[in-house]
Amino acid sequence: MAKNIQSLERAAAMLRLLAGGERRLGLSDIASSLGLAKGTAHGILRTLQLEGFVEQDAASGRYQLGAELLRLGNSYLDVHELRARALVWTDDLARSSGESVHLGVLHQHGVLIVHHVFRPDDSRQVLEVGAMQPLHSTALGKVLSAYDPVAHSEVMEAERRSFTGRTVTEADAFESMLDLIRAQGWAADAEETWEGVAAVAAPVHDRRRMPVGAVAVTGAVERVAPGGTLRPELIAAVRDCARAVSRDLGAGRF
Amino acid sequence: MTDAHTTGTHGTGPFIAAIDQGTTSSRCIVFDKDGRIVSVDQKEHEQIFPKPGWVEHDATEIWENVQEVVAGAIVKAGITSADVKAIGITNQRETTLLWDKNTGEPVHNALVWQDTRTDALCKELGRNVGQDRFRRETGLPLASYFAGPKVRWLLDNVEGLRERAERGDILFGTMDSWVIWNLTGGTDGGVHVTDVTNASRTLLMNLHRMEWDEKILSSIGIPAEVLPEIRSSAEVYGNAKGGILDGVPVASALGDQQAALFGQTCFAEGEAKSTYGTGTFMLMNTGGTPVNSYNGLLTTVGYQIGDKPPVYALEGSIAVTGSLVQWMRDQMGLIKSAAEIETLASSVEDNGGAYFVPAFSGLFAPYWRPDARGVITGLTRYVTKAHIARAVLEATAWQTREISDAMTKDSGVELTALKVDGGMTSNNLLMQTLADFLDAPVVRPMVAETTCLGAAYAAGLAVGFWPDTDALRANWRRAAEWTPRMDADTRAREYKSWLKAVERTMGWVEDEES
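How each quantity is defined
Residues numbered from 1 in each chain as written. Chains lettered and ligands numbered in written order. Predicted model: local features only at pLDDT ≥ 70, side-chain atom pairs only at ≥ 80, totals over all residues. Heavy atoms only, no water. Helix = DSSP H or I, 4+ residues; strand = E, 2+ residues; numbered from the N terminus. Rg over C-alpha atoms; globule rule 2.2 N^0.38 Å. Buried < 20%, exposed > 50% of the residue type's maximum accessible area, 1.4 Å probe, protein only. Contact = heavy atoms within 4.5 Å. Areas by Shrake-Rupley, 256 points an atom, 1.4 Å probe, with all protein chains shown as cover. Lys, Arg positive; Asp, Glu negative; His and termini not counted. Charge placed at Lys NZ, Arg CZ, Asp CG, Glu CD. Phe/Tyr/Trp six-rings, centres within 6.5 Å; stacked < 30°, edge-to-face > 60°. Lys NZ or Arg CZ within 6 Å of the ring centre and 35° of its normal. Pairing = 2+ DSSP bridges. Domains from an automatic or database assignment. Polar contact = N/O pair within 3.5 Å; in protein donor to acceptor, adjacent residues only side chain to side chain. Buried area = accessible area lost by both parts, 1.4 Å probe. Salt bridge = Lys/Arg side-chain N within 4 Å of Asp/Glu carboxyl O. Axes fitted to C-alpha atoms, helices over the stretch in contact; angles between N-to-C directions. Parallel < 35°, antiparallel > 145°, perpendicular 65-115°, else oblique. Left-handed = near helix turned anticlockwise from the far one by under 90°.

A look at the overall build of chain B
Okay, step 1: Scanning chain B for helices and strands turns up 16 helices and 24 strands.
Okay, step 2: What you see for chain B is a C-alpha radius of gyration of 23 Å, in line with the 24 Å of a compact globule of 514 residues.
Okay, step 3: The dimensions of chain B, computed from C-alpha atoms along their principal axes, are 70 × 60 × 40 Å.
Okay, step 4: With 514 residues in all, chain B has 63% of them scored as buried.
Okay, step 5: Contacts in chain B between residues at least 24 apart in sequence constitute 71% of all its contacts with a sequence separation of at least 6.
Okay, step 6: For chain B, the accessible area works out to roughly 19400 Å², and carbon and sulfur atoms hold 48% of it.
Okay, step 7: When the 47 basic and 67 acidic side-chain charges of chain B are each reduced to a single mean position, those positions are 4 Å apart.

Written out as structure tokens, the structure reads:
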């Protein structure tokens, strides 16, 4: 690990200090609590204040946590909110594609399935909500690895197991696959996780363009990729669906 | 505000247009032959509250909105009247309107189903018998929701109206009648009809004969001249005259909950659907016989297709379901959005011993105890807000179980599976809990808009767009299914605790206050 940046460490310590115990603190309290010179502490506080992370009370001159920090803290996307917004679009995707649809998010070094729409053929199927899928071999996992920096570092550090003869495990090959995914805007899994199963996935973004999840169509390889080629209309449908969900998240009802 | 969207891929037609004249908005959805949505347009209308407990709609505004959303949906679909084979209607039930047949002008705002101004009148009409005075004939208790007493109120309170009505100048209708009369020409030959499902919510129709009941009409004081003709739910009432759909047959009418039953293709006896919104409405198909309820349910007409015999249903409603989650968000501030209730509830394994009975305005079916008020019980030091969130979701599931039990008692038919729709179906934990408590599979269909779909299906059947109900069943697609995972002992123990909690709500309001 490279050398840490001291001023960022100090800024983090200040935010922690302001978050705990007394809500408002004066400059000298902050400086002495952290063992800093007043001038150093003031410089950091001023920067944090400009970024909106810290506010200064006009009357007392004391410092407290800023609104920007609260906004950041509140803006994580609840996965159940994500499902509620995706419901209509994923139903439509399952209907138009004739295959099952999954919505996944990054969770504990894998993909957590938060929503599953059955393949519309009246066959017996089991709801897979709550199941985990690997990051490095599934279409959902690869999309998350390509777009979410946290998923990316997790997948690169983890052991990438070989599930079938087609699983890409070697680091360089995996990285160039992610480059391709980022360039084309979607990922595929052609029997890389399960024999006989293929999938196409595309990223879902929130209003600040953060990748919050991925949506995938999954089915028998003979239907999804007949003759070894992914059906282009399937790719288009998955990307349309992901864009529609992203647009709904951007609209922000709350 | 008008909003509309079109979905990408659909067939090339022909199509069916369904109009949903609802409590807060009017919508039009265009469906293709597979029952898929082609386009939607929607517009809200004003809610008028002249006094506490009074709720009215401006019927002229509603008719204007209906014309606008129909045009909107047709334009967005990129089609013309030639591509539309029929128009289907579904509507907010029981909302009551009287209008002048010569001018087409409403004589008063429509009295909305939620309006309670006829409470006292209903008590008076019950005389020495009470609220079940007309139950044998109509399947309904005397309650302020239903249309009959609202008509009487208007005749009593709008000056000179009774005389005009007796002269034959005034027409009565629920919103289906108003929309159909206007669609088919209004003052220029509009047809004055209603369907059996809407008529079954007036307290004026004899359920066994499907005719207006003369005895009840004279008891409530309503001249027969104002009444529409009762027709089946799926037949051509007339053709649209003027407007963007000029010449297209108007071919179905169903009350909204019955339309959802139809859209969910609950065509066999014992099949049931439950719609989870602010409140919840559960209907079970009871086949060709009206089943009397001794457990606080309503007996109603499910649907009637053309000259086939009518199909009946039992109905149970839960006043507080989605609105309890809203209460947790808005009044308690425990969650920031409705969807977060699941996040909070999922953070614990069980309810921690806590039970929440949201009898905010008394207990409804199957208890009917206005003296009850809400309780949270079983509290210990151990209970957290997450346990309460879980108890909130369980409350909806237990109340569904109680309605389902009442339906089984009344009909003798066990629930085999429950088809669900409405906003709360996106809550996975709730749906699993529902399957666990009912000990039956819970199934969500792929089209969430089952109300409009039901109206479209009925209209399509009437004009031969679809050959029969089997073809409609073939269109039905399972999007998700939750199967029971709870063991019988746990279920029995938890149900017992829930029933104990329900007991704790009763008798809270003293006589004078209720």
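Things to note about the packing of aromatic side chains
Residue and element names in this part refer to chain B.
Okay, step 1: Overall, the coordinates contain 16 aromatic pairs over all chains when judged by the stated rule.
Okay, step 2: Between Trp 327 and Phe 360, the aromatic rings sit 5.3 Å apart at their centres with planes inclined by 50°, giving tilted as the arrangement. Here Trp 327 is found in helix H10 (residues 322–330), whereas its partner Phe 360 is found in the loop between strand S20 (355–357) and strand S21 (375–377), with 33 residues between them in sequence.
Okay, step 3: The exposure class assigned to Trp 327 is partly exposed, which follows from its relative accessible area of 21%.
Okay, step 4: With centroids separated by 4.7 Å and ring planes inclined at 80°, the aromatic side chains of Phe 465 and Trp 466 adopt a geometry described as edge-to-face.
Okay, step 5: The exposure class of Phe 465 is buried, given its relative accessible area of 5%.
Okay, step 6: Ring pairs connect the aromatic residues Trp 99, Trp 178 and Trp 181, which therefore count as one cluster.
Okay, step 7: Its end group placed over the ring of Trp 153, Arg 117 keeps NZ or CZ at 4.5 Å from the ring centre.
Okay, step 8: The ring centre of Trp 476 lies 4.5 Å from the NZ or CZ of Lys 419, which sits over that ring.

A word on the sheet that holds strand S7 (residues 197–205) of chain A
Residue and element names in this part refer to chain A.
Okay, step 1: Spatially, S5-S4-S3-S8-S7-S6 is the arrangement adopted by the six strands of the open sheet, whose pairing is antiparallel. Single-partner strands in this sheet number two, and they are strand S5 (132–133) and strand S6 (187–190).
Okay, step 2: When S7 meets strand S8 (residues 211–220), the two strands line up antiparallel, connected through nine bridges. The partner of Val 200 across the bridge, within S8, is Val 217.

So, the domain arrangement of chain A
Okay, step 1: Partitioning chain A into domains gives domain 1 (4–72) and domain 2 (76–247).
Okay, step 2: Centre-to-centre, using C-alpha coordinates, domain 1 of chain A lies 42 Å away from domain 2 of chain A.

What to know about the side chain of Thr 505 of chain B
Residue and element names in this part refer to chain B.
Okay, step 1: With respect to the helices and strands, Thr 505 occurs in helix H16 (residues 488–505).
Okay, step 2: With a relative accessible area of 0%, Thr 505 lands in the buried category.
Okay, step 3: A polar side-chain atom of Thr 505 sits 2.6 Å from the main-chain carbonyl oxygen of Val 502.
Okay, step 4: Not counting residues within four places of it along the chain, the set of residues in contact with Thr 505 comprises Val 357, Ala 359, Leu 363, Asp 371, Ala 372, Arg 373 and Val 375.

What to know about the environment of Arg 369 of chain B
Okay, step 1: Along the chain, the position of Arg 369 of chain B falls in the loop between S20 and S21.
Okay, step 2: As a C-alpha pair, Arg 369 of chain B and Gly 333 of chain B span 36 residues in sequence and 29 Å in three-dimensional space.

Quick look at the interface of chain A and chain B
By convention, interface size is frequently given as the accessible area that disappears when the constituent parts associate.
Okay, step 1: Each side of the interface is counted separately: chain A has 24 residues, and chain B has 30 residues.
Okay, step 2: Around 2300 Å² of area is buried between chain A and chain B when both sides are counted, 50% of it from carbon and sulfur atoms.
Okay, step 3: One can count five salt bridges joining chain A with chain B.
Okay, step 4: Here Asp 122 of chain A makes a salt bridge to Arg 478 of chain B, at a shortest N to O gap of 3.9 Å.

Details of the packing of helix H7 (residues 149–157) of chain A against helix H8 (residues 171–184) of chain A
Between two packed helices, the angle of one axis relative to the other and the distance separating the axes together describe the packing.
Residue and element names in this part refer to chain A.
Okay, step 1: At a minimum axis distance of 11 Å, the contact between H7 and H8 shows a crossing angle of 160°. Judged by the angle between their axes, H7 and H8 are roughly antiparallel. With respect to the hand of their crossing, H7 and H8 are arranged in right-handed fashion. Every residue of H8 that contacts H7 at His 152, Val 155 and Met 156 is listed here: Ala 171, Phe 174, Glu 175 and Leu 178.

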